[in-house]
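Residues per chain are reported as follows:
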Amino acid sequence: MKTLLFLDLDDTVFQTEAKGLHDHGCANYALEPTAFLESGLAHGFSTPPQRQFLQLMRGVEIIPTTARHTASYQRVKLDIPPPNWVILNHGGTILNANGQPDPSWSAHMQATMQPWLALFNDLNSQINAWAAHHAPGLHARLIGDHGQIFYVLVKDRDKQHAISLPRLRDELLAAWLEPHPELTLHHNGNNLTVMPRSLDKAHAVRFLLEHYRREHPELLVLGAGDSQSDADFLALCDYALVPKHAQLMRKLAQDS
Ligand SMILES: [Mg+2]
């Protein structure tokens, strides 16, 4: 039986150095550089258990399923065979084995995003105006790939995100979002995003599952992911793998 693994990347198979040491509680772990900044500087590191996890998945078809865009995905160096498909931009883009966007998925996403573009421009300006007065390190920008805008991303360049992002949420975003129930906010560490609910890794996973099931009526589907924004795609999988110390694991522990 064919087995697929939809694999989130950041904080699932590597993380920043500080997080790796802290979360895994072992300063002696041999961290290996796995993801790189544009400058070439390593900023994502895998632990031995994370590398062992990927080793165990040999023989399983891995489909990277990430919020990263094409360029930042290309700066991730995982020890896995070249994938047949890659899900990027929170599900907004599906690349085929040649690294080209799947045209039917791109057309679908263009229609999905069109109604939100003017509103996102407005939100982007409002956040930056708010930041100028209240938290100068905060910066919002529109994130897109292959010519398509997908979401508004806010980060704190001063690394005050534990304070500034919740404040932005409470003082500006909560009221702004209220008339737009079709939009959703994700906050994980120094990343806060506003995007339509229709932009979700789960929709892209469902699209690929339909594709695979045409050829393989019987499939074992695994999913691995750490954050709240992975929850819906993990729920489509036969088994969900959640790393220790993940945002999602904290949620599971709270709910139980
Ligand atoms: Mg992640």
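Model, not experiment: these values are computed from the prediction.

Draft legend 1. Representation of the packing of helix α5 (residues 117-134) against helix α6 (residues 161-177) within the structure. In the contact formed by α5 and α6, the axes pass within 11 Å of each other and the chain directions differ by 135 degrees. In this view, α5 runs oblique relative to α6, as classed from their interaxial angle. Our pair here, α5 against α6, has a crossing hand that is right-handed. Every residue of α6 that contacts α5 at L119, D122, L123, Q126, I127, W130 and H134 is listed here: S164, R167, L168, E171, L172, L173 and W176. Across the contact of α5 with α6, the residue classes break down as 8 nonpolar, 3 polar and 3 charged.

Draft legend 2. Structural detail: helix α2 (residues 48-56). Those residues of α2 lying buried are Q50, F53 and L54. In a view along the axis of α2, the buried residues occupy a sector of 95 degrees, so they form one face of it.

Draft legend 3. Region of interest: the coordination of the magnesium ion. Binding of the magnesium ion to the protein goes through D8 (OD), D10 (O) and D226 (OD), at separations of 2.0 to 2.2 Å. Along the chain, the residues donating to the magnesium ion are arranged with the sequence spacing D-x1-D-x215-D. One end of the pair, D8, is in the loop between β1 (2-7) and α1 (17-24); the other, D226, is in the loop between β11 (219-224) and α8 (231-234), with 218 residues separating them in the sequence. Summarising the burial analysis for this pair, D8 and D226 share the class buried.

Draft legend 4. The arrangement of the sheet that holds strand β12 (residues 239-241) in detail. Taking strand neighbours across the sheet as the criterion, the 4 strands line up as β4-β1-β11-β12 in an open arrangement whose pairing is parallel. Of all the strands in the sheet, the pair left with one neighbour each is β4 (61-64) and β12. Averaged over all neighbouring strand pairs, the angle between strand axes comes to 20 degrees, with direction disregarded. Contacting β1, β4, β11 and β12, α2 crosses the sheet at an angle of about 150 degrees to β1. In this fold helix α7 (residues 201-215) packs onto β1, β4 and β11, with an angle of close to 165 degrees to the strand it touches most, β1.

Draft legend 5. Summary view of the sheet that holds strand β7 (residues 138-145). If you trace the 4 strands from one edge of the open sheet to the other, you get β7-β8-β10-β9, paired in antiparallel fashion. Each having just a single partner strand, β7 and β9 (183-188) make up the two edges of the open sheet. Neighbour-to-neighbour, the strand axes of this sheet turn through a mean angle of 25 degrees, independent of strand direction. Contacting β8 (148-156) and β10 (191-196), helix α4 (residues 103-113) crosses the sheet at an angle of about 65 degrees to β8. Together, β7, β8, β9 and β10 form the strand contacts of α5, whose direction differs from that of β7 by roughly 155 degrees.

Draft legend 6. Representation of the pairing of β7. With 8 bridges joining them, β7 and β8 adopt antiparallel strand pairing. Across the sheet, the residue bridging to A140 is V154, located in β8. Where β7 folds back onto β8 in an antiparallel hairpin, the turn is made up of 2 residues, including H146, whose phi is positive at roughly 50 degrees.

Draft legend 7. Quick look at the domain arrangement of the protein. With domains assigned, the protein is organised as domain 1 (2-92 + 200-255) and domain 2 (111-196). In this structure, domain 1 and domain 2 have C-alpha centres spaced 24 Å apart. If you look at the interface, domain 1 gives 11 residues, while domain 2 gives 8 residues. Carbon and sulfur atoms make up 49% of the surface buried where domain 1 meets domain 2, a total of about 830 Å² over both sides. Put simply, domain 1 and domain 2 have 0 salt bridges between them. At the surface where domain 1 touches domain 2, the tally comes to 4 residue pairs in polar contact (both at pLDDT 80 or more). For the side of domain 1 that touches domain 2, a count of residues per class yields 2 nonpolar, 8 polar and 1 charged.

Draft legend 8. The pairing of β9, seen in detail. Note: β9 against β10, 6 bridges, orientation antiparallel. When the bridges of β10 are listed, T184 appears paired with M195.

Thresholds, definitions, all that
- Residues numbered from 1 in each chain as written.
- Predicted model: local features only at pLDDT ≥ 70, side-chain atom pairs only at ≥ 80, totals over all residues.
- Heavy atoms only, no water.
- Axes fitted to C-alpha atoms, helices over the stretch in contact; angles between N-to-C directions.
- Helix = DSSP H or I, 4+ residues; strand = E, 2+ residues; numbered from the N terminus.
- Parallel < 35°, antiparallel > 145°, perpendicular 65-115°, else oblique.
- Left-handed = near helix turned anticlockwise from the far one by under 90°.
- Contact = heavy atoms within 4.5 Å.
- Nonpolar A, V, L, I, M, F, W, Y, C, P; charged D, E, K, R; others polar.
- Buried < 20%, exposed > 50% of the residue type's maximum accessible area, 1.4 Å probe, protein only.
- Arc of directions from axis to C-beta.
- Donors = N, O, S within 2.8 Å, 3.2 Å for Na, K, Ca; no water.
- Pairing = 2+ DSSP bridges.
- Domains from an automatic or database assignment.
- Buried area = accessible area lost by both parts, 1.4 Å probe.
- Salt bridge = Lys/Arg side-chain N within 4 Å of Asp/Glu carboxyl O.
- Polar contact = N/O pair within 3.5 Å; in protein donor to acceptor, adjacent residues only side chain to side chain.

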